[in-house]
Amino acid sequence: MTKRGLLAAVVMLATGPAFAADPATIDWPNVPTNTVKLFFPGQSTYQWLRSKDHAGAAVVKTGGACITCHKDKEEKMGAAIVGGDKLEPHPIEGKQATIDLAVQAAHDNENLYFRFQWKTRNPHPGSAHPHRRFDGKDWKGIGWPRLHKKVWDEGQPAIYEDRLSMMIDDGSVPMFVEQGCWLTCHNGMRDSPDLAATDDVKAHPVLGGVLKKKDVRKYLPASRSDDNATWNMTKSPEEIAAIKAAGGFVDLMQWRGHRSNPIGMADDGYVLEYRLFDEGKGVFSSNWDNEKKQPKYMFDDAKVGFKSKIMDELRDTSKPQSLIPGENAVAFDPNAGWKEGDMVPAYYVSREAAKGSAADNSEVKGTWEDGMWTVLWTRKLDTGNPADDKIMKAGGVYDFNFAVHDDNITTRGHHVSVPMTLGVGAEADITAVTLK
Ligand code: HEC
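A.B. asks: I would appreciate a short explanation of the overall build of the chain in the present structure.
C.D. replies: For the chain, the count of helices and strands is eleven helices and 22 strands. The C-alpha radius of gyration of the chain comes to 22 Å, within 12% of the 22 Å expected for a compact globule of 436 residues. On the principal axes, the C-alpha backbone points of the chain span a range of 65 × 55 × 45 Å. Buried residues in the chain amount to 55% of all 436 residues. A fraction of 71% describes how many contacts in the chain between residues 6 or more apart in sequence connect residues 24 or more apart. Per element, the accessible surface of the chain, about 19,200 Å² overall, is 52% carbon and sulfur.

Put into structure tokens, the structure is as follows:
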């Protein structure tokens, strides 16, 4: 849209009716659309980018911006990787090199409002997720992301939710404006080169000892003590806490087709020494009672007409797909006459249980129609939780990265944007127009 068009849209909105904080009432057709080209990044980790295999390594090492050399090259980069020519050891047949993410943004004094739209590869929304299946004796996990070896090696079903993610910084994280989310992806992580062994992670004093983790997930180089930001070279918990207190983390929020959308929310996390959720209680929980070795919840037969599903019913969007205790789910009954093949979701979601900073994204709703997701997302400029959120204000410009997980995928199987800026009523790559 031209400058003049943009101004017209702002003026139109400004003279419209007094704005209530409901994104559905925003005149979206008159808010400029930014088409953000997301591309398939494969295993282009922090370490690969600095290796002899990447022609831009010398510049990347000194903190250079990816777009110095890769501006408007998303199509070419995605195509080079998605087919397996480089950086992708398990190419997925038919996977798109790029996804166009339409981003529209507006704001008032309190909130940022987004409308996101993108086409899914499948003729159905990714609102199913792994389940527990009764085999006549036990409830075993079933369904995996497409890059899992159970899928590509053993032919097990690929079942995983669609996601839309935003990573935000306010200039506190060194190099984030130049290199964005690539600062957070490292060798050693799940589905990355040199995968860290489970036992090594468990034995690690910070990752296993303090955080009780079994795998490596996103982290920032500032949380590591060596130049190559190696996964096991963590700084001490005290040093990491000091970085966090100074704002040296990135905000990471994910809207999830199965584990947040049915309750109109997105999760809220951050990345520093690991990808962690914010303080409080998040939007989803495991539906597994480890003592009783059985699910915690099943669907409420009295309310929805069934207590479990079978494989063929998982994609039926006319019926609830996620367990919501109190609304469509009740406590699991082990004596309900279970038959082999009965399935219940491996997670449940709860708006009531979500608390604290982890529950900040409480107004996020996606609808899927004619092959396209439309997600309306409200995010408070100031969540009141500066310890694990990026606080924004009108007139400010912030660093944003976007990602979409499409077609039953997790980890590197997403499509990502190059780093960009978003101005809250200010000039930037994406400008959130001011509502009055
Ligand atoms: C100084 C220039 C330069 C910079 C800065 C740079 N790159 Fe590259 N990059 C290259 C060149 C040249 C290639 C090889 C392209 C080719 O073979 O056609 C490449 C290849 C790649 C590829 C493989 C896909 C492809 O097109 O070959 C990825 C992914 C990539 N770069 C990501 C990044 C990211 C992310 C950053 C920022 C952290 C970055 N690059 C910074 C020059 C650069």
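A.B. asks: Explain the sheet that holds strand E4 (residues 131-134) to me, please; I cannot follow it from the model alone.
C.D. replies: Two modes of strand pairing occur in sheets, parallel and antiparallel, and in both the strands are linked by backbone hydrogen bonds. Strand order in the open sheet formed by three strands is E5-E4-E15, and the pairing between neighbours is antiparallel. The sheet terminates laterally at strand E5 (139-142) and strand E15 (343-345), the two strands that pair on one side only. In this sheet, adjacent strand axes meet at a mean angle of 30° when their direction is disregarded. For E4 and E15, the ladder comprises three bridges, and the chain directions are antiparallel. Residue pairing across strands places Arg 132 opposite Val 344, the latter belonging to E15.

A.B. asks: Honestly, the coordination of the iron atom of the ligand in this entry has me stumped. Any pointers?
C.D. replies: Working reference: metal with six octahedral donors, ideal angles 90 or 180 degrees; metal with four tetrahedral donors, ideal angle 109.5 degrees. Surrounding the iron atom of the ligand are the protein donor atoms His 54 (NE2) and His 70 (NE2), at 1.9 to 2.0 Å. Classification of the site at the iron atom of the ligand as octahedral follows from its six donor atoms and the range of 87 to 177° in their angles at the metal. Of this pair, His 54 sits in the loop between helix H2 (46-49) and helix H3 (57-61) while His 70 sits in helix H4 (residues 67-70), placing them 16 residues apart in sequence. Judged by its relative accessible area of 25%, His 70 falls in the partly exposed class.

A.B. asks: Where do I start with the nonpolar core in this structure?
C.D. replies: Buried together is how nonpolar side chains tend to be arranged in soluble globular proteins. Leu 101, Phe 114, Phe 116, Trp 118, Trp 377, Phe 400 and Phe 402 are the most contacted members of the largest nonpolar core, which has 66 residues in total. The dominant element in this core, judged by the number of residues it contributes, is strand E19 (residues 397-405), at five residues. Apart from residues no more than four positions distant in its own chain, Trp 118 is found in contact with Ile 99, Asp 100, Leu 101, Arg 163, Leu 164, Trp 255, Gly 371, Met 372, Trp 373, Val 375 and Val 404.

A.B. asks: So what exactly am I meant to see when it comes to the side chain of Gln 47 here?
C.D. replies: Checked against the element boundaries, Gln 47 lands in helix H2. Among the polar contacts made by the side chain of Gln 47, one reaches the main-chain carbonyl oxygen of Ala 229 at a distance of 3.3 Å. With residues up to four places along the chain from it excluded, the contact list for Gln 47 reads Cys 185, His 186, Asn 187, Tyr 219, Asn 228 and Ala 229.

A.B. asks: Explain the environment of Asp 226 to me, please; I cannot follow it from the model alone.
C.D. replies: Inspection of the secondary structure puts Asp 226 in the loop between helix H9 (205-210) and helix H10 (237-245). Taking the C-alpha atoms as reference points, Asp 226 and Val 375, separated by 149 residues in sequence, lie 40 Å from one another. In terms of polar contacts, Asp 226 uses its side chain to reach the side chain of Thr 230, at 2.4 Å.

A.B. asks: Teacher, can you tell me more about helix H5 (residues 74-82) here?
C.D. replies: Side chains three or four residues apart in an α-helix point the same way, a direct result of the helix having 3.6 residues per turn. Those residues of H5 lying buried are Glu 74, Met 77, Gly 78, Ile 81 and Val 82. Looking down the long axis of H5, one finds its buried residues gathered within 115° of arc, a one-sided arrangement. Looking at the residues trailing H5, positive phi occurs at Gly 84, about 100°.

A.B. asks: Just to check I follow, could you spell out the packing of aromatic side chains for this structure?
C.D. replies: The relation between two aromatic rings is expressed through the spacing of the ring centres and the mutual angle of the planes. Tallied over the entire structure, the rule returns 18 aromatic pairs. Residues Phe 116 and Trp 377 carry aromatic rings whose centres are separated by 6.3 Å and whose planes lie at 70° to one another, so their mutual orientation is edge-to-face. Taken together, the residues span a long stretch of sequence, with Phe 116 in strand E3 (residues 111-119) and Trp 377 in strand E18 (residues 372-380) at a distance of 261 residues. Taken as a pair, Phe 116 and Trp 377 share a single burial class, namely buried. Look at Trp 118 and Trp 373: their rings are 6.5 Å apart centre to centre, the planes differ by 35°, and that puts the pair in the tilted class. Of the two residues, Trp 118 is situated in strand E3 and Trp 373 in strand E18; the sequence distance between them amounts to 255 residues. One aromatic cluster is present, built from ring pairs that chain together Phe 114, Phe 116, Trp 377, Phe 400 and Phe 402. A cation over an aromatic ring shows up here: Arg 259 above the ring of Phe 284, its NZ or CZ 4.3 Å from the ring centre. Sitting above the plane of the Tyr 347 ring, Arg 259 keeps its charged end 4.5 Å from the centroid.

A.B. asks: I would appreciate a short explanation of the site of the ligand in the present structure.
C.D. replies: With respect to spatial proximity, 19 residues lie near the ligand, and among them His 54, Cys 66, Cys 69, His 70 and Lys 86 are the closest. The contact in question runs from an oxygen atom of the ligand to an N or O atom on the side chain of Lys 76, over 2.9 Å. Of all the elements in the fold, those that place two or more residues in the shell around the ligand are H2, H3, H4 and H5. Sorting elements by how many residues they give to the shell around the ligand places H5 first, with three residues. Grouping the constituent residues of the shell around the ligand by class yields twelve nonpolar, five polar and two charged.

Analysis parameters
- Residues numbered from 1 in each chain as written.
- Predicted model: local features only at pLDDT ≥ 70, side-chain atom pairs only at ≥ 80, totals over all residues.
- Heavy atoms only, no water.
- Helix = DSSP H or I, 4+ residues; strand = E, 2+ residues; numbered from the N terminus.
- Rg over C-alpha atoms; globule rule 2.2 N^0.38 Å.
- Buried < 20%, exposed > 50% of the residue type's maximum accessible area, 1.4 Å probe, protein only.
- Contact = heavy atoms within 4.5 Å.
- Areas by Shrake-Rupley, 256 points an atom, 1.4 Å probe, with all protein chains shown as cover.
- Pairing = 2+ DSSP bridges.
- Axes fitted to C-alpha atoms, helices over the stretch in contact; angles between N-to-C directions.
- Donors = N, O, S within 2.8 Å, 3.2 Å for Na, K, Ca; no water.
- Tetrahedral: all angles 85-135°; square planar, octahedral: opposite > 155°, others 65-115°.
- Core = buried A, V, L, I, M, F, W, Y, C linked by side-chain atoms within 4.5 Å.
- Polar contact = N/O pair within 3.5 Å; in protein donor to acceptor, adjacent residues only side chain to side chain.
- Arc of directions from axis to C-beta.
- Phe/Tyr/Trp six-rings, centres within 6.5 Å; stacked < 30°, edge-to-face > 60°.
- Lys NZ or Arg CZ within 6 Å of the ring centre and 35° of its normal.
- Near = heavy atom within 4 Å.
- Nonpolar A, V, L, I, M, F, W, Y, C, P; charged D, E, K, R; others polar.

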